[in-house]
Amino acid sequence: MSKVKKISRWLGIILGVLLLLILVGYGFIYLSTEQRMNRKYSFSEPALIIPTDSVAIVKGKHLYQIRSCADCHGPNLAGGVFMNSALLMQLSAPNLTKGPGGLPPDFTTQDWLRVLRHGVDKNGRSLWMMPAHESTGLSQEDMASLIAYCQSVPPVVSAGKKRRQMGPLGRVVLQLNQVAVLPAERINHQVPMAASAPKDVTAYGQYLATVCQGCHRPNMKGGAPLAPGFPPVPDISATGVQQQWSEAQFISTIRQGKTPAGKLLRQEFMPWQNMQHFTDEELSAIRSYLVSLK
Ligand code: HEC
Ligand code: HEC
């Protein structure tokens, strides 16, 4: 055999073995993610009385905005495309009214609680990318107002068609566990709802700041970029630069999208424009929580 033939034979064997390893690896990921996606959750959820007065509905609208529901389900609840990538996933955030393509006519308050408290579909399987691990801790009072508002919005036509397909890279992301793909896995389904939001300012700040955790991490100390091409996520706890800012500077950073040092925050990475609905009092509570995190 010539030298060239020998080398190409070895190259062929190495490539074959590599391909086999990749296939076996992907097969493993496929089976383990399939099992997690099909896991069924059971729990009992006491009934919740939903108010119909205008005060509760106005409060519910505010919660819809500051709990970032609007970021994915749109300001008028018509829903939209969450992700449209055959490799990662194809997923829509559904229309939350009972208009065409929206919630089924028999979607009850108990169904709302199933989604917002437990993050599962009607078969008990985890929803995808719906951050129920952030809404599960809402107090009875806030939960009732939020549902009251959503149920009061007149039916609208869906913004897009329904999609729900997991791609091969999506399964790898799920396997790596860095992103909350399956919210039901991150919820303790036995914890009952608190009657009302915490009264203590710092505890109330923590209650509000759950919406920052997905990006700034549960300890608010930031970390690696959320996706390739994104900036690293800064530390916003007491060990971050922002502890040197006054409360007014913190609030103005969120309102203007510009830090005291003049750095512009980019809306596509740090959605400060969507945070305009927080009141000064709420932002001040968030700050008092952040600076308490040593
Ligand atoms: C990061 C984007 C995102 C945010 C923020 C978000 N959702 Fe969702 N939501 C989704 C996606 C995506 C689905 C569909 C999940 C699926 O099909 O597995 C969903 C599903 C739902 C459903 C189930 C609808 C059905 O057809 O069964 C309800 C109800 C819902 N969301 C309400 C809310 C409310 C209320 C908020 C705010 C507290 C909220 N969502 C915040 C993305 C989001
Ligand atoms: C979708 C992801 C995401 C969410 C949600 C988010 N942030 Fe950020 N945040 C970022 C990223 C990324 C940056 C860096 C932005 C840049 O470099 O343009 C940032 C920057 C900041 C900064 C500037 C810090 C500095 O040192 O420059 C502050 C303050 C901040 N975020 C506070 C918050 C608060 C408070 C919340 C919740 C109410 C929040 N963020 C929610 C991703 C997020």
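An unreviewed UniProt entry lists the chain under the name Cytochrome c domain-containing protein, with Adhaeribacter pallidiroseus as the source organism.

What follows deals with the site of ligand 2. Near ligand 2, the surroundings consist of 20 residues, among which Cys212, Cys215, His216, Val241 and Met270 are the closest. Contact between ligand 2 and lysine 263: an oxygen atom at 3.4 Å from a side-chain N or O atom of the residue. The separation between an oxygen atom of ligand 2 and a polar side-chain atom of arginine 266 is 3.1 Å. Secondary structure elements with two or more residues in the shell around ligand 2: helix 9 (210-216) and helix 10 (247-256). For the shell around ligand 2, the leading source of residues is helix 9, giving four residues. Residue composition of the shell around ligand 2, by class: 16 nonpolar, two polar and two charged.

At this site the iron atom of ligand 1 is bound by His73 (NE2) and Met130 (SD), with donor distances of 2.0 to 2.2 Å. Around the iron atom of ligand 1, the six donor atoms are arranged such that angles at the metal cover 87 to 179°; this shape is classified as octahedral. In this pair, histidine 73 sits in helix 3 (residues 69-73) while methionine 130 sits in the loop between helix 4 (109-118) and helix 5 (132-135), placing the two residues 57 residues apart along the sequence.

Now for the layout of surface pockets. For the second largest pocket, the calculated volume is near 200 Å³. Around the second largest pocket, the lining comprises 15 residues; the ones closest to its centre are Lys59, Glu141, Asp142, Ala197 and Tyr204. Those elements that provide at least two residues to the lining of the second largest pocket are helix 2 (54-66), helix 6 (140-152) and helix 8 (201-208). The residue makeup of the lining of the second largest pocket, split by class, is seven nonpolar, three polar and five charged.

Attention now goes to the packing of helix 8 against helix 11 (residues 280-291). Direction vectors running N to C along helix 8 and helix 11 enclose 100°, while the axes themselves pass 7 Å from each other. The angle between helix 8 and helix 11 falls in the class roughly perpendicular. Contact residues: helix 8 offers Val201, Thr202, Tyr204, Gly205, Gln206 and Leu208, while helix 11 offers Glu282, Ala285, Ile286, Ser288 and Tyr289. Residues that form the contact of helix 8 with helix 11 fall into these classes: six nonpolar, four polar and one charged.

This part covers unusual backbone geometry. The backbone of leucine 77 sits at a positive phi, close to 70°, despite the residue not being glycine. Assignment of secondary structure puts leucine 77 in the loop between helix 3 and strand 1 (80-84). With a relative accessible area of 0%, leucine 77 lands in the buried category. With phi around 65°, methionine 220 is a residue other than glycine that occupies positive phi space. Structurally, the position occupied by methionine 220 is in the loop between helix 9 and helix 10. Look at methionine 220 and you get buried, because its relative accessible area is 0%.

The rules behind each value
- Residues numbered from 1 in each chain as written.
- Chains lettered and ligands numbered in written order.
- Predicted model: local features only at pLDDT ≥ 70, side-chain atom pairs only at ≥ 80, totals over all residues.
- Heavy atoms only, no water.
- Near = heavy atom within 4 Å.
- Polar contact = N/O pair within 3.5 Å; in protein donor to acceptor, adjacent residues only side chain to side chain.
- Helix = DSSP H or I, 4+ residues; strand = E, 2+ residues; numbered from the N terminus.
- Nonpolar A, V, L, I, M, F, W, Y, C, P; charged D, E, K, R; others polar.
- Donors = N, O, S within 2.8 Å, 3.2 Å for Na, K, Ca; no water.
- Tetrahedral: all angles 85-135°; square planar, octahedral: opposite > 155°, others 65-115°.
- 1 Å grid on protein atoms, 1.4 Å probe; cavity = no way out; pocket = protein on both sides within 12 Å on 5 of 7 lines; lining within 4 Å.
- Points joined across faces, edges and corners; volume = space filled by probe spheres on them.
- Axes fitted to C-alpha atoms, helices over the stretch in contact; angles between N-to-C directions.
- Parallel < 35°, antiparallel > 145°, perpendicular 65-115°, else oblique.
- Contact = heavy atoms within 4.5 Å.
- Buried < 20%, exposed > 50% of the residue type's maximum accessible area, 1.4 Å probe, protein only.

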